[in-house]
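Coordinate inspection notes
Each chain is listed here by its residues.
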Amino acid sequence: MSYIIETRDLTRKFGNLTAVDNISFGVDKGEIFGLLGPNGAGKSTTISMLCTILRPTSGKATVNGFDVVKNPSQVRNSIGIVFQDPSIDDKLTGRENLEMHGDLYGVPKAQMKERIESVLKLVELEDRADSFMNTYSSGMRRRLEIARSLIHYPKVLFLDEPTIGLDPQSRDHIWSYIRELIKKEDITIILTTHYMEEADKLCGRIAIVDHGRIVAMDTPRNLKEQLGGESIILKTRNNPLYAEKIKESGLAKGVAVADDEVRITVDSAHTVLPKVVDVAGKAGIYIDSIFLKEPQLDDVFMHYTGKALREGGKEISPMARMRRRA
Amino acid sequence: MSELRGIYTLWKREVLRLLREKSRLVSSVVTPILWLVIFGTGLGMSMATRAGFSYQQFLFPGIIGQTLLFTAMFMGISVIWDKQFGFMKEILVAPVSRLSIFIGKMLGVGTNSMLQGIIVFALGFFIGVPISVMMIVEAIPLMILVTIGLVCIGLIIASVLNSLENFGVIMTFVNMPMFFLSGALFPVATLPDWLKWVFYINPLTYGVDALRAVTMGSAWQTILPLWQTIAVIIAFDVLMILIGSYAFTRTK
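Criteria and thresholds
- Residues numbered from 1 in each chain as written.
- Chains lettered and ligands numbered in written order.
- Predicted model: local features only at pLDDT ≥ 70, side-chain atom pairs only at ≥ 80, totals over all residues.
- Helix = DSSP H or I, 4+ residues; strand = E, 2+ residues; numbered from the N terminus.
- Buried ≥ 20, exposed ≤ 12 C-beta atoms within 10 Å, placed from the backbone.
- Contact = placed C-beta atoms within 7 Å.
- Rg over C-alpha atoms; globule rule 2.2 N^0.38 Å.
- Pairing = 2+ DSSP bridges.
- Axes fitted to C-alpha atoms, helices over the stretch in contact; angles between N-to-C directions.
- Parallel < 35°, antiparallel > 145°, perpendicular 65-115°, else oblique.
- Left-handed = near helix turned anticlockwise from the far one by under 90°.
- Expected span 1.5 Å × (residues − 1).
- Nonpolar A, V, L, I, M, F, W, Y, C, P; charged D, E, K, R; others polar.
- Domains from an automatic or database assignment.
- Core = buried A, V, L, I, M, F, W, Y, C linked by C-beta atoms within 7 Å.

What chain A contains, in helices and strands, is 12 helices and 14 strands. Projected onto its principal axes, the C-alpha positions of chain A cover 75 × 45 × 40 Å. When burial is assessed residue by residue, chain A has 42% of its 326 residues classed as buried. The contacts in chain A between residues at least 6 apart in sequence include a share of 70% that link residues at least 24 apart.

Shown next as structure tokens:
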């Protein structure tokens, strides 16, 4: 297997609480892999084990081919991390924070200057590099943390709730940096999030985590398709006849006529759509409009866990909250 | 090599932070001045002066000891601050050994308290303590030895605690007793026996005692011979370094 991250029955208990319960998954090189779940689902605990901050209670995990328990320092050399809570030094400038990181990770002095410039450029903070961190907005801090995590050329980047607490505009920025990053660097990204939109937009594959277990794992599209709840909504000149024809064709799981429109429930709207249009053509029924309704990842989450995934309300330490506001 | 670079960068961070916190530097000068000038003058007036030296001369090494103690402990404990603000995570997850993190912190915090200690030392000039080159040459290494053990106490406390809520408790039960029971303010020799023992188990007592031997010369009689006093300080340093590095390798 050539997975860059692989876990086998990874488990972590805190006393009676099983935070991570026999999680197994593999992440391919160059992928953006998302761990999606509500607060307290075990996402951060999983990341902490992969980053060698926490020891697993049982099970196995390898990162870049190194065992997280047996070779923690090789694992640390291979990874970059952006923590959920801020972890920069306020009394230093942006550049000083980056230099410190480079020193801690033993980045060759000769490359350091250039590397710092290039990561600063990636997150568009070149002109703010020499300002003190306490003059940065929370979005800028996040960006600097992302830049910092890249200095030592990590093979795997962990982003733990990278956009939590940020305004929509900063969030968009961070997303575009992440996309840029996966194109430019030889890197694999694993991110945790409880924002559906984030997982949907960024991730190649998603593992939905609830109560410490993976309840579903696939591409965002497949996950939505598994729900089998996509609808095609059409307005035609002869709705009753059209509904009749669709029923005869056997293309749909369900057909309903309501409010002068025909609602067709299908497994995959993308593949059925041409056929549905074809049926109308053959029957000589004129179509006025077509509207596709895909299930959202929210629906997928609801389907697998039986509960809605609320935005916000993330518990962060009071100190961190104070810091973010500042 | 990379471990040395890690130690260096952790040390550098502490020094940069100190140089940028002007207010802390200023207050680190003001507090000892209050002690030396006001407390020293006031109490000195009402104390029977012993042969050969003034109360302020006697108090001076005690206040140096106090400065080293308070700075080292406060800065050592500030590691908790790093933990709460998340910066500690960045350090702990780096490929640098815990021992190096401990050493880097120890040197950084130690440099801070030495800097402040030296400022106080220079203040001696203003209260009429005769300062010679020889005295500086002897006092500085001694101050370094005293600082190391104190910094380690702070770091050990920080590695055990996770929040600053207990900071007041530490001040009450560690800092203040260590200061008052060190002989910084009054001589140990004239105390009743039962109280003497409390002073004898306090490492700072030996630090202050040795500093007094250096700044007051033959006018001061140490509890133990000077070389034994220094041996006690070094032994305490070694013990604290061992406990500290052990405690640090176990922090999460």
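A count of helices and strands for chain B gives 11 helices and zero strands. When the helices and strands of chain B are listed from N to C terminus, the series reads α-α-α-α-α-α-α-α-α-α-α. Taken over the C-alpha trace, chain B has a radius of gyration of 18 Å; the compact-globule value for 252 residues is 18 Å, and the two agree within 12%. Along the three orthogonal principal directions, the C-alpha set of chain B runs to about 60 × 40 × 35 Å. By residue count, 45% of the 252 residues in chain B fall in the buried class. Once local pairs closer than 6 in sequence are excluded, the contacts in chain B between residues at least 24 apart make up 81%.

It is worth spelling out the sheet that holds strand S11 (residues 230–236) of chain A at this point. Residues and elements named next belong to chain A. With respect to topology, four strands assemble into an open sheet ordered S12-S13-S11-S14, the strand pairing being antiparallel. Both outer strands of the open sheet, strand S12 (254–258) and strand S14 (287–293), are each paired with one neighbouring strand and no more. Looking at each pair of strands side by side, their axes are set apart by 20 degrees on average, direction ignored. Strand contacts of helix H9 (residues 239–249): S11, S12 and strand S13 (261–266), with the helix running at about 175 degrees to S12, the strand carrying the most contacts. Seen against the sheet, helix H10 (residues 269–283) touches S11, S13 and S14 and runs at an angle of roughly 25 degrees to S11.

When two helices pack together, you describe them by how their axes are tilted relative to each other and by the distance separating the axes. Residue and element names in this part refer to chain A. For the pair H9 and H10, interaxial distance at closest approach is 10 Å and the crossing angle is 120 degrees. As the angle between them shows, H9 and H10 are arranged oblique. The way H9 lies across H10 gives a crossing that is right-handed. Between H9 and H10, the residues in contact are Leu241, Tyr242, Lys245, Ile246 and Ser249 and Val276, Val279, Ala280 and Ala283, respectively.

All names here are of chain A. In space, the four strands of this open sheet follow the order S2-S1-S4-S5, with antiparallel pairing throughout. The sheet terminates laterally at strand S2 (17–27) and strand S5 (66–67), the two strands that pair on one side only. Sheet strands in contact with helix H1 (residues 43–50) are strand S1 (5–14), S2 and strand S4 (58–63), and its direction is about 115 degrees off that of S1.

Our next topic: helix H10 (residues 203–216) of chain B. Along an α-helix, residues three or four positions apart point the same way, because every turn accommodates 3.6 residues. Residue and element names in this part refer to chain B. Along its 14 residues, H10 runs 20 Å from first to last C-alpha, staying within 8% of the 20 Å computed at 1.5 Å per residue. For H10, the tally of buried residues reaches 13 of 14 residues, placing the bulk of the element in the interior. Remark: glycine 217 follows H10 within two positions and exhibits a positive phi of approximately 65 degrees.

One frequent convention defines the size of an interface as the accessible area lost when the parts assemble. Between chain A and chain B, the contact holds 22 residues from the first and 20 residues from the second. Going through the elements one at a time, helix H2 (72–78), helix H3 (94–104) and helix H12 (318–325) of chain A are the ones with two or more residues in the side of chain A that touches chain B. Looking at the side of chain A that touches chain B, its residues break down into 12 nonpolar, four polar and six charged.

The next thing to look at is the domain arrangement of chain A. Considered domain by domain, chain A is made up of domain 1 (5–219 + 312–325) and domain 2 (228–294). Using C-alpha coordinates to define each centre, domain 1 of chain A is positioned 44 Å away from domain 2 of chain A.

Turning our attention to helix H1 (residues 2–20) of chain B. Taking 1.5 Å of rise per residue, 19 residues should cover 27 Å, and H1 of chain B covers 27 Å from first to last C-alpha, within 8% of that figure. For H1 of chain B, the complete set of buried residues consists of Gly6, Ile7, Thr9, Leu10, Arg13, Glu14 and Leu18 of chain B. Of the surrounding secondary structure, the elements contacted by the buried residues of H1 of chain B are H3 of chain A together with helix H6 (98–123) of chain B.

General note: in soluble globular proteins, nonpolar side chains tend to be found buried as a group. Ranked by size, the top nonpolar core spans 129 residues in total, and within it Leu50, Ala147 and Phe158 of chain A together with Leu69 of chain B carry the most contacts. By residue number, the principal contributor to this core is helix H3 (residues 55–77) of chain B, which donates 13 residues. Sequence-distant contacts of leucine 69 of chain B, that is, excluding residues within four places in its chain, are made with Leu150, Asn175, Met178, Phe179 and Leu204 of chain B.

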